[in-house]
Amino acid sequence: MSLFVAVSFAQKIDYETYQLSNGLDVILHQDNSAPVVTVGVMYHVGAKDEAPGRSGFAHFFEHLLFEGTKNIERGEWFNIVSANGGSNNANTTQDRTYYYETFPSNALELGLWMESERMLHPVINKIGVETQNEVVKEEKRSRIDNAPYGKIAYSTGVNKHLFEKHPYKNSVIGTMQDLDAAKLEEFKAFFDKYYGPNNATLVVAGDIKIGETIKLIKSYFGPIPRGPEVERVNIKEDPIQNKIEVTEYDSNIQIPLKALVYRTPSMKDRDAYVLDMISSVLSTGKTSRLYKRMVDDDKIALQVLAFARSMEDYGTYLIGALPLGDTSLEKLTAVMDEEIEKLKTELISEREYEKLQNTFENRFVSSNSSVQGIASSLATYHTLYGDASLINNEIDIYKSITREEIKEVANKYLQEDKRLEIDYLPENDK
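Residues numbered from 1 in each chain as written. Predicted model: local features only at pLDDT ≥ 70, side-chain atom pairs only at ≥ 80, totals over all residues. Heavy atoms only, no water.

Some points on the pairing of strand 8 (residues 257-264)
Two faces make up the sheet, and in a regular strand the side chains alternate between them.
Here's step 1: Burial analysis of strand 8 places 8 of its 8 residues in the buried class, which makes it a mostly covered element.
Here's step 2: Side chains Leu-257, Ala-259, Val-261 and Arg-263 project from strand 8 onto one buried face, and the interleaved Lys-258, Leu-260, Tyr-262 and Thr-264 project onto a second face that is buried too.
Here's step 3: Sheet topology note: the strand 8/strand 11 (residues 419-426) ladder contains 6 bridges and is antiparallel. In the sheet register, Tyr-262 faces strand 11, and the bridge partner there is Arg-419. (Buried < 20%, exposed > 50% of the residue type's maximum accessible area, 1.4 Å probe, protein only. Helix = DSSP H or I, 4+ residues; strand = E, 2+ residues; numbered from the N terminus. Pairing = 2+ DSSP bridges.)

Put into structure tokens, the structure is as follows:
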């Protein structure tokens, strides 16, 4: 009950959008309740936009564009931010790259200047490329190569089997061979192609005055020349006709994993929202059906896991389990299939449905509980969905999903002959 009360008092997110003459989309959200402001820039470029043989470029730029600019000395970016009481970060997906700073609101102009510097004239040179190449290699070693189940968590052992044509088959971090082989001119060309204002969305959220902020944005971003028009990836995958069965090995694990992976529709598709709810019923948390059945009741699994990844063109949904004791992977598969079949043949209970509504309303409130979260949401909805108003309206989509629809969509996508099955084994089992 308290969750519904929280939602009923959740503030509608007010915002303004406009576009500069150079094509930069701008979104402003004013919230003067705390003296904090977030300045974020989302570029509509991700791993899927990379040229064949040059994987990892978008993620590489997530690091490279902190190296320095014409007016910010190399290595000084983070020092400037921290010296002014701020924090900053960046992240990359298959579809976009996002940079942001959160400052005390009296440093708004500094944040705008720094992001305009990043867009207008970053320094892309040999020493910067070589330095960040080593940083990315270490990140790959720590997060994927030397991390237990790293190829599952980061999809490097998954998507290459699930996609044949679409560049989603490549990992976001890319391969070190591709980055090592790239020439400096290729990095410069990648920046020139994708990091122009007409391929970016600037979000300013927090303790601002709209009129003053508009003037500052025009001053700092208005002079930046428009970049070339970006041609969007438009590659269609053929439907999966037969079950794909593969074995992957990991030298960092002792307990195997059985994973079932389904290709799902674009994040913009209504079915993607329904699949979010299906994922929650089956595999989110200790009250999910798979956890209760496999871990609590039957005691055949040490753990169950799930990764639902919504992306701009397609999505993926992975469910898996680690066997307890000498339970076979075949047994895990059989029980997961039994629970999937129940979802396909029976309506979820009213109690489960009410819990789902609570879960997603609570998630909605949480995602918009800070100006940093609001900035990220506005940028994402505008860039990838083409509709910033989803920051207020997306919860209505979830509320409108019926129990019958959950059953229907489970039948549509969770098909045994249209999935990838992975036996993820310790290296010494080879």
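Some details on the packing of helix 2 (residues 57-64) against helix 9 (residues 184-194)
Here's step 1: Contact geometry of helix 2 with helix 9 gives a least axis separation of 11 Å together with a crossing angle of 90 degrees. Compared by their axis directions, helix 2 and helix 9 come out roughly perpendicular. Residues Phe-57, Ala-58, Phe-60 and Phe-61 of helix 2 pack against Glu-186, Phe-187, Phe-190 and Phe-191 of helix 9.
Here's step 2: Across the contact of helix 2 with helix 9, the residue classes tally to 7 nonpolar, no polar and 1 charged. (Axes fitted to C-alpha atoms, helices over the stretch in contact; angles between N-to-C directions. Parallel < 35°, antiparallel > 145°, perpendicular 65-115°, else oblique. Contact = heavy atoms within 4.5 Å. Nonpolar A, V, L, I, M, F, W, Y, C, P; charged D, E, K, R; others polar.)

Quick word on the nonpolar core
Here's step 1: Ranked by size, the top nonpolar core spans 56 residues in total, and within it Ile-278, Leu-282, Met-294, Val-304, Leu-332, Ile-406 and Leu-414 carry the most contacts.
Here's step 2: Sorting elements by how many residues they give to this core places helix 15 (residues 371-385) first, with 8 residues.
Here's step 3: Among residues more than four places away in sequence, those in contact with Leu-332 are Lys-258, Met-294, Ile-300, Ala-301, Ala-321, Leu-322, Pro-323 and Thr-327.
Here's step 4: Counting residues in each nonpolar core, the second largest holds 51 residues, with Phe-61, Leu-108, Ile-173 and Ile-210 among its members. (Core = buried A, V, L, I, M, F, W, Y, C linked by side-chain atoms within 4.5 Å.)

So, the sheet that holds strand 11
Here's step 1: Pairing in this open sheet of 5 strands is mixed, and the strands run 7-11-8-10-9 from one edge to the other. Lying at the two open borders of the sheet, with one neighbouring strand each, are strand 7 (244-250) and strand 9 (301-310). Put simply, the sheet's adjacent strands are angled 20 degrees from each other on average, direction ignored.
Here's step 2: Sitting on the sheet, helix 11 (residues 270-283) is in contact with strand 8, strand 9 and strand 10 (315-323), with an inclination near 5 degrees to strand 10.
Here's step 3: Running at roughly 160 degrees to strand 9, helix 12 (residues 289-297) makes contact with strand 9 and strand 10 of the sheet.

Honestly, it's all geometry; don't read function into it.
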